[in-house]
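Single-letter residue listing:
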Amino acid sequence: MLIVMRHGATEEELQRVIAVIRDMGYQARPMPGSQRTAVGLVGNDGRVDSSRLEGLAGVQEVIHVSQPYKQVSREWKPENTVVRLPGGVAIGGADVAVIAGPCSVESEAQVIQAARHVREAGAVILRGGAFKPRTCPYSFQGLGRPALKLLARAREETGLLICTEAIDVEGVGWVSEVADIVQIGARNMQNFSLLRAAGRAGKPVLLKRGISATITELLLSAEYLLAEGNQDVILCERGIRGFDTATRNVFDLAAIPVVQKLSHLPIIADPSHATGLRDKVIPMARAAVAAGADGLIVEVHPNPEAAKSDGAQSLFPEQFAQLMREVRVIAEVIGRRVAEPAPVVA
Ligand code: PEP
Ligand code: MN
């Protein structure tokens, strides 16, 4: 529920509203805005009796949020959330931000080479898993903590920001020390203790849609992050499980405009995991930008044939350069711009 204050309501009136919300057993989240000051009421599971609040001095209206997710919804916050990252990179504004790099960090040479390639082509954020959630326990699980150091080195070398995954509560601390964006993978979308830890980590979070999650479930998982006080959440459509084995997953492109209607949070697209096929990544990246994605996350490897994970869907560097050239044109058609990396200061 949202309690919207009258224009010119006093601080005392605002404090009274907060006190009444607390007295009713809920949490109050004051939200000062340029147009209006509102106080969000959180902690309710179902409709709250608003009669005590409606009569208070300074209250203009009480809005009941109809969705089960509250803080994530557009009813709660009509304007888009723009996640601001170091160096002026922003996700959710007019720019389309591209995150690219290998599925896994495999060695210093591999990740630095990948970082140089993707930066040169125009990515602003480097991806690369240190901790890999693998379907098979015998598959490469990632280099772990040493890979975080390699990612930090790649950032020093190239100026790219770092996006990397945390797969358990213990890892959130390590990952958030290094990462500019903490990724929560599809398999963990409903790992609620991990979500709570990531919500408290003090870093922006990239939340990927679960393999068989509905859009409502995705938004409810995002609500866990906002409920812990983290507003910097980026959603990601990465394909869902279908019956057809022609592609690794079914890329739910419609999820992009659907989420944008329901939520103020930015949503990016992952055409790599969505298709699982290298030659399908470029067309689906184009489609995602055309559909309004706020960014892309793409797997690129200096030598995909030798990749320790997801080689079949990883682009060769020159293919990624082609992808960037093409999505720049598409972004322009819909009044957007692909974010450009800042010049490296020597
Ligand atoms: C990844 O980004 O490499 C990954 C494991 O993605 P997802 O969680 O979407 O499968
Ligand atoms: Mn991968």
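Residues numbered from 1 in each chain as written. Chains lettered and ligands numbered in written order. Predicted model: local features only at pLDDT ≥ 70, side-chain atom pairs only at ≥ 80, totals over all residues. Heavy atoms only, no water.

Trainee: Looking at this model, I keep getting lost on the overall build of the chain. Mind explaining?
Mentor: The number of helices and strands found in the chain is 11 helices and 15 strands. Relative to a compact globule of 346 residues, whose C-alpha radius of gyration would be 20 Å, the chain shows 21 Å and is just as compact. Taking the principal axes of the C-alpha coordinates as reference, the chain spans close to 65 × 50 × 45 Å. Within the chain, contacts between residues at least 6 apart in sequence are counted, and of these 69% link residues at least 24 apart. Carbon and sulfur atoms make up 51% of the accessible area of the chain, which totals about 14900 Å². (Helix = DSSP H or I, 4+ residues; strand = E, 2+ residues; numbered from the N terminus. Rg over C-alpha atoms; globule rule 2.2 N^0.38 Å. Contact = heavy atoms within 4.5 Å. Areas by Shrake-Rupley, 256 points an atom, 1.4 Å probe, with all protein chains shown as cover.)

Trainee: Is there a simple way to explain the sheet that holds strand β1 (residues 2-5) in this structure?
Mentor: Whenever strands of a sheet pair, they do so through backbone hydrogen bonds, lying parallel or antiparallel. The strand order β2-β3-β1-β4 describes an open sheet built from four strands, whose pairing is antiparallel. The open sheet has two edge strands, β2 (27-32) and β4 (59-63), and neither has a second partner. Averaged over all pairs of adjacent strands, the angle between their axes in this sheet comes to 20°, without regard to strand direction. Pairing of β2 with strand β3 (residues 37-42), which is carried by six bridges, proceeds in the antiparallel orientation. Bridged to Met 31 within β3 is Ala 38. Contacts from helix α1 (residues 11-23) reach β1, β2, β3 and β4, with the element oriented near 5° to β3. (Pairing = 2+ DSSP bridges. Axes fitted to C-alpha atoms, helices over the stretch in contact; angles between N-to-C directions.)

Trainee: Any chance you could explain the environment of Val 48 here in plain terms?
Mentor: Of note, Val 48 is situated in the loop between β3 and α2 (51-54). Residue Val 48 is classed as buried on the basis of its relative accessible area, which comes to 6%. Sequence separation between Val 48 and Met 24 is 24 residues; the distance between their C-alpha atoms is 9.5 Å. (Buried < 20%, exposed > 50% of the residue type's maximum accessible area, 1.4 Å probe, protein only.)

Trainee: Would you mind going over the coordination of the manganese ion (ligand 2) with me for this structure?
Mentor: Metal coordination angles in their ideal form are 109.5 degrees for the four-donor tetrahedron and 90 or 180 degrees for the six-donor octahedron. Taken together, Cys 103 (SG), His 273 (NE2), Glu 299 (OE) and Asp 310 (OD) make up the protein donors of the manganese ion (ligand 2), found 2.1 to 2.4 Å from the metal. Between consecutive donors of the manganese ion (ligand 2), the numbers of intervening residues give the motif C-x169-H-x25-E-x10-D. One end of the pair, His 273, is in helix α9 (residues 271-275); the other, Glu 299, is in strand β14 (residues 295-299), with 26 residues separating them in the sequence. (Donors = N, O, S within 2.8 Å, 3.2 Å for Na, K, Ca; no water.)

Trainee: It is not clear to me how the pairing of β14 should be interpreted in this structure. Could you clarify?
Mentor: Two faces make up the sheet, and in a regular strand the side chains alternate between them. For β14, the buried fraction is high: five of the five residues fall into the buried class. Neither face of β14 is open: one carries Gly 295, Ile 297 and Glu 299, the other Leu 296 and Val 298, and all of them are buried. Pairing of strand β7 (residues 95-101) with β14, which is carried by five bridges, proceeds in the parallel orientation. Residue pairing in the sheet places Ala 97 in a bridge with Gly 295 of β14.

Trainee: In this structure, what is going on with the environment of Val 96? I would like to understand it.
Mentor: Along the chain, Val 96 turns up in strand β7. In the structure, Val 96 is positioned 114 residues away from Gly 210 in sequence and 23 Å away in space, judged by C-alpha atoms.

Trainee: Explanation requested: unusual backbone geometry in the structure shown.
Mentor: A positive phi angle, near 55°, is found at Asp 310, a position not held by glycine. Counting through the fold element by element, Asp 310 comes out in the loop between β14 and α11 (317-333).

Trainee: Please explain the site of ligand 1 as it appears in this structure.
Mentor: The immediate surroundings of ligand 1 are formed by Cys 103, Arg 127, Lys 132, Glu 165, Gln 183, Gly 185, Ala 186, Arg 187, Lys 208, Arg 238, His 273 and Glu 299. At 2.9 Å from an oxygen atom of ligand 1 is found a side-chain nitrogen or oxygen belonging to Arg 187. Between an oxygen atom of ligand 1 and a side-chain N or O atom of His 273, the distance comes to 3.1 Å. Compared with its free state, where it exposes 300 Å², ligand 1 has 97% of that area covered by protein. A breakdown of the residues in the shell around ligand 1 according to their chemical character gives two nonpolar, three polar and seven charged. (Near = heavy atom within 4 Å. Polar contact = N/O pair within 3.5 Å; in protein donor to acceptor, adjacent residues only side chain to side chain. Nonpolar A, V, L, I, M, F, W, Y, C, P; charged D, E, K, R; others polar.)

Trainee: Can you help me understand the state of the cysteines in this one?
Mentor: Between two cysteines, a covalent bond joining their sulfur atoms is known as a disulfide. Under the counting rule described, the total for this entry stands at zero disulfides. Free of any disulfide, Cys 236 has its nearest neighbouring cysteine sulfur in Cys 163, separated by 8.8 Å. Take Cys 236: its relative accessible area is 0%, and that puts it in the buried class. (Disulfide = S-S within 2.5 Å.)

Trainee: Just checking my understanding: could you explain the pattern of salt bridges for this structure?
Mentor: Oppositely charged side chains can form a pair if their charged atoms are brought close together. As enumerated under the stated definition, the model contains 16 salt bridges in all. A salt bridge links Arg 196 to Glu 228; the nearest nitrogen and oxygen atoms lie 3.1 Å apart. Of the two residues, Arg 196 sits in helix α6 (residues 192-199) while Glu 228 sits in the loop between α7 (215-227) and β12 (233-237), which places them 32 residues apart along the sequence. A relative accessible area of 37% means that Arg 196 is categorised as partly exposed. When its relative accessible area of 24% is taken as the criterion, Glu 228 is described as partly exposed. With its nearest N and O atoms 2.8 Å apart, the salt bridge here joins Arg 209 to Asp 252. You can see Arg 209 sitting in the loop between β11 (205-208) and α7 and its partner Asp 252 sitting in the loop between β12 and α8 (255-262), a full 43 residues away along the chain. The two residues Arg 209 and Asp 252 agree in class, both being buried. (Salt bridge = Lys/Arg side-chain N within 4 Å of Asp/Glu carboxyl O.)

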